[in-house]
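Notes for the structure review
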Amino acid sequence: MLFAAEPLAPTLDSARRVLKQYYGYDTFRPMQEDIIQNILGGQDTVVLMPTGGGKSICFQVPAVVREGVCVVVSPLIALMKDQVEALKANGIQAAYINSSIGSSEQNNIAADCLNGYLKLLYVSPEKLLSEGFMTFLKRVKLSMFAIDEAHCISSWGHDFRPEYTQLRVLREQFPQVPIIALTATADRLTQRDIQQQLRLREPRVFLSSFDRPNLNLIVRPGQDRINGILEFLERHQGEAGIIYCLSRKQCETLTQKIQAKGIKAGYYHAGLTPNQRGAVQEAFLKDDVQVIVATIAFGMGIDKSNVRWVIHYNLPKNIEGYYQEIGRAGRDGSPATAVLFYSFGDVMSLRDMLTKENPSLTQLNLTKLERMQQFAEAASCRRKILLNYFGETLTQDCGNCDICRNPPTTFDGTELAQKALSAVVRGREKLSINLLIDVLRGMRNQAVLSAGLDQIKTYGAGRDLPYLDWYSYIHQMLNDGLLYIAYEEGYALKITDLGRQVLQGQRPVSMKKFQPAEKAEKAPRGRKAQSAPAAAPATREAQLFEALRTLRKRIADEQGVPPYVIFTDSTLQEMAVERPVNRTAMLAISGVGMKKFETYGEAFIREVLAHGGNPAALDEDEDAAPLAGLDPDDPGAPRAPRKREVNTEAGGTIDTTYQLHRLGLSVEAIAERRALAVSTVQTHLTNCYAKGLDLRIEEFLKPEELAEIQTAQAQLGGSPMLRDLFDHLREKYDYFKLRLALMYFKKLRGE
Ligand code: ADP
Ligand code: ZN
């Protein structure tokens, strides 16, 4: 057998080899390495990492390296099955036992545990705690316990599971076996509960950053959401995504509308039978259904790494829930989008709901809702606000949210505000937001006419502005404290003292120009024009990517597994860029381990060849004959596929960096993907720029930064040395930015 269970030394070095051989990854993510080192030393460990951060590898790799079986406690049957399938696809021996497994199969699994064949055994908490199972475990050599979704132990959390509180018996019954607890929930109470209830012994706690830089955060006004969603789907053809709604009814109607456009969609809510739900989930995992419209009941069991977008049809109740839900997009690290539709109406219905729901928690819940609302209405970097909520600070704006991409422009809104305030006063402070807009725009509907509002002086005074613009400006006035809402009076708008000062011309108002929805999602200004000349190769890549996806889907269906278990989207993307046509090149792709190479390598290489292959690879490589090295009897141990990266200045590797940049990856993401230093990637990009290729400059330098550097350059006169510029700007910009900026100015001057 290929993967004979030769004993591995429990060192970080073996762990790295396991990562490459079984997972096909070159490096651990920063925190993974520390965590694994701690676990290998046999210490209790708590891992707090956001969804998609890479928790699984933290216990799976030590499980392979350490002697014995790792028992993984996991609350959801679907999740267990997926993880075990993914492990097996990588060539790691794993199994799961829960209520869905028959007794003869359970016996086989038990035998595999006893003879040391299995490295990981997934169980539900109920099964684990059953008497017979505990007795059985005593006979097995155990490497450790991994408690997945460990926040389920805390009654403070939103996923409390009473069975989890029984897990303390593990420490009593198996005092020698280390325990590792993993969760994506980071609050203090939950953390404390995990440590106490599991009786952890001086555990080391690893709290990783909750930032998910690959998620593009967008908030759009809630009007006309259905069309907004349908347009979004048109721009994101074939990409898997989840839409969260509040009600079952909404789920069903929206699903029908999406299906009517010929898109494969399914709905998922608590009103379905378990079988129905299982079927919908399975279809989504297998890419048979592209879109799931769901209430919050959907998601915790979803391990699908290629969800490309998440849409919130309604405002979520709090930021915790919102962040968890958007975290289901882009787990593979490739760019993904989160769109939130926001309307003030949602805030009102949520307020009503929360007030009735749980009286003792009303105040807390309303405060959380307010923070959510502030996020939705913010006019500054959204990621900063999110991370701030979780106690992290981001020193720079993120560049990957709607606000950063299209910073709002401000204008003198005094006259606009006066029109609205005047209508509020003349309507005797009884108008709701919608009625106020109708009055300003001179609408002749029942509500306006029956209240005689067409008679007031400001009727129709704001005819020239569309509804959405007014909607935005009135919200800004609410946020600025010119108006407030009397919830107890049918949500009537009232004027404040500050508002009166504005109305009387004593105080000017600055407003942010309303941005139409599509603009928010588009790339920053100028990006399109810049990358236009290079459009042709992108199509070539996209074509190969599509072909590889189709192949993946066919194989997945044949084998009855979800497609992402075969290769993730990012692995296919890298194949589409690199076009590997031999063993070395294929093994160098991130996500292609030995087992996957043996199983799928040939099929994917053939597909690449059918699309022209990579001629450069044919010239360069010693074993470059297409398909060379595919012989399954090849006795060679996995060769470290480093060759490609050694000569970092060779044209091929710079090209690859450039292609990944054009695919939208950040410098850090490219560096991680290619196992290169960030500075190397920066050098690649600077070289490309110098050669005349276009870069997404705005990703590295904001207009105001460019302006500042330009001023500094002028102050120093002529063409200053980088060092001088660096000092002059008090080390605010690194050399990469400075170099790019100087080249940019040169290009602008046409030099
Ligand atoms: P979590 O359980 O924290 O939500 P996963 O363990 O599912 O996250 O990992 C998310 C994705 O990141 C998976 O596709 C996984 O294969 C990938 N991944 C994890 N660690 C690494 C690594 N060191 N290098 C490259 N990809 C990784
Ligand atoms: Zn931002």
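1. Things to note about the nonpolar core
Among the nonpolar cores identified, the biggest contains 77 residues, and L315, I326 and I433 are the most heavily contacted of them. If sequence neighbours within four positions are ignored, I433 has contacts with F344, Y471, I474, H475, L478, I485 and L493. By size, the runner-up hydrophobic cluster in this structure holds 71 residues, among which are I35, L87, M134 and I153.

2. Some remarks on the sheet that holds strand β2 (residues 69–73)
A sheet is described by the order of its strands in space; here 7 strands give the open sequence β3-β4-β2-β5-β6-β1-β7, paired in parallel fashion. In this open sheet, the two strands that pair with only one neighbour each are β3 (94–97) and β7 (204–207). Averaged over all pairs of adjacent strands, the angle between strand axes in this sheet comes to 20 degrees, irrespective of strand direction. Across 5 bridges, β2 lies against strand β5 (residues 142–147) in parallel orientation. By the bridge assignment, V73 is partnered in β5 with I147. Helix α2 (residues 30–40) rests against β1 (45–48), β5, β6 (179–183) and β7 of the sheet, and its axis sits at about 165 degrees to β7. Its contacts with the sheet put helix α3 (residues 55–65) on β1, β2, β4 (120–123), β5 and β6, and the angle it makes with β6 is roughly 160 degrees.

3. Quick notes on the coordination of the zinc ion (ligand 2)
Coordination of the zinc ion (ligand 2) by the protein involves C381 (SG), C398 (SG), C401 (SG) and C404 (SG), with metal-donor separations of 2.3 to 2.4 Å. One can describe the site at the zinc ion (ligand 2) as tetrahedral: its 4 donor atoms subtend angles covering 102 to 121 degrees at the metal.

4. Examining the site of ligand 1
Taken together, 15 residues surround ligand 1, and among them Y25, G52, K55, S56 and R331 come closest. A distance of 3.2 Å separates an oxygen atom of ligand 1 from a polar side-chain atom of R29. Within the side chain of S56, a nitrogen or oxygen atom sits 2.8 Å from an oxygen atom of ligand 1. In isolation ligand 1 has 570 Å² of accessible area, and contact with the protein removes 86% of it. The biggest single contributor to the shell around ligand 1 is α3, with 3 residues. The residue inventory of the shell around ligand 1, partitioned by class, reads 4 nonpolar, 7 polar and 4 charged.

Scoring rules and cut-offs
All residue numbers here refer to positions counted from 1 along the written sequence of the relevant chain. The lettering of chains begins at A and the numbering of ligands begins at 1, in the order of writing. Restriction of local features to residues with pLDDT of at least 70 applies here, the model being predicted, together with a cutoff of 80 or more for giving and counting side-chain atom pairs; totals for whole chains, interfaces and linings are based on all residues. Hydrogens and water are ignored here; the side-chain numbers use all heavy atoms of the structure. What makes a nonpolar core is a set of buried Ala, Val, Leu, Ile, Met, Phe, Trp, Tyr and Cys residues whose side-chain atoms join them at distances within 4.5 Å. Throughout this description, buried means an accessible area under 20% of the type-specific maximum (1.4 Å probe, protein chains only), exposed means over 50%, and partly exposed covers the range between. Whether two residues are in contact is decided by their heavy atoms: any pair within 4.5 Å suffices. Two strands are counted as paired when DSSP detects at least two bridges linking them. Runs of E in the DSSP output that reach at least two residues are strands. Runs of H or I that reach at least four are helices, and both are numbered from the N terminus. What counts as an axis is a line fitted to C-alpha atoms, over the stretch in contact for a helix, and the angles between N-to-C directions run from 0 to 180 degrees. Only nitrogen, oxygen and sulfur atoms qualify as donors, provided they sit within 2.8 Å of the metal or within 3.2 Å for Na, K and Ca; with water excluded from the atoms, sites may seem incomplete. A site with four donors is called tetrahedral when every donor-metal-donor angle falls between 85 and 135 degrees; four donors are called square planar, and six octahedral, when opposite donors sit more than 155 degrees apart and all other angles fall between 65 and 115; any other arrangement is irregular. Each residue is tested against the molecule or strand, and it is near if at least one of its non-hydrogen atoms lies within 4 Å. Any pair of nitrogen or oxygen atoms within 3.5 Å is treated as a polar contact; in protein, a donor-acceptor pairing is required on top of that, and neighbouring residues in sequence qualify only through side-chain atoms on both sides. With residues, only the protein chains shown are counted as cover, and all accessible areas are computed by Shrake-Rupley using a 1.4 Å probe. Side-chain classes follow a simple rule in which Ala, Val, Leu, Ile, Met, Phe, Trp, Tyr, Cys and Pro form the nonpolar group, Asp, Glu, Lys and Arg form the charged group, and the remainder, Gly included, forms the polar group.

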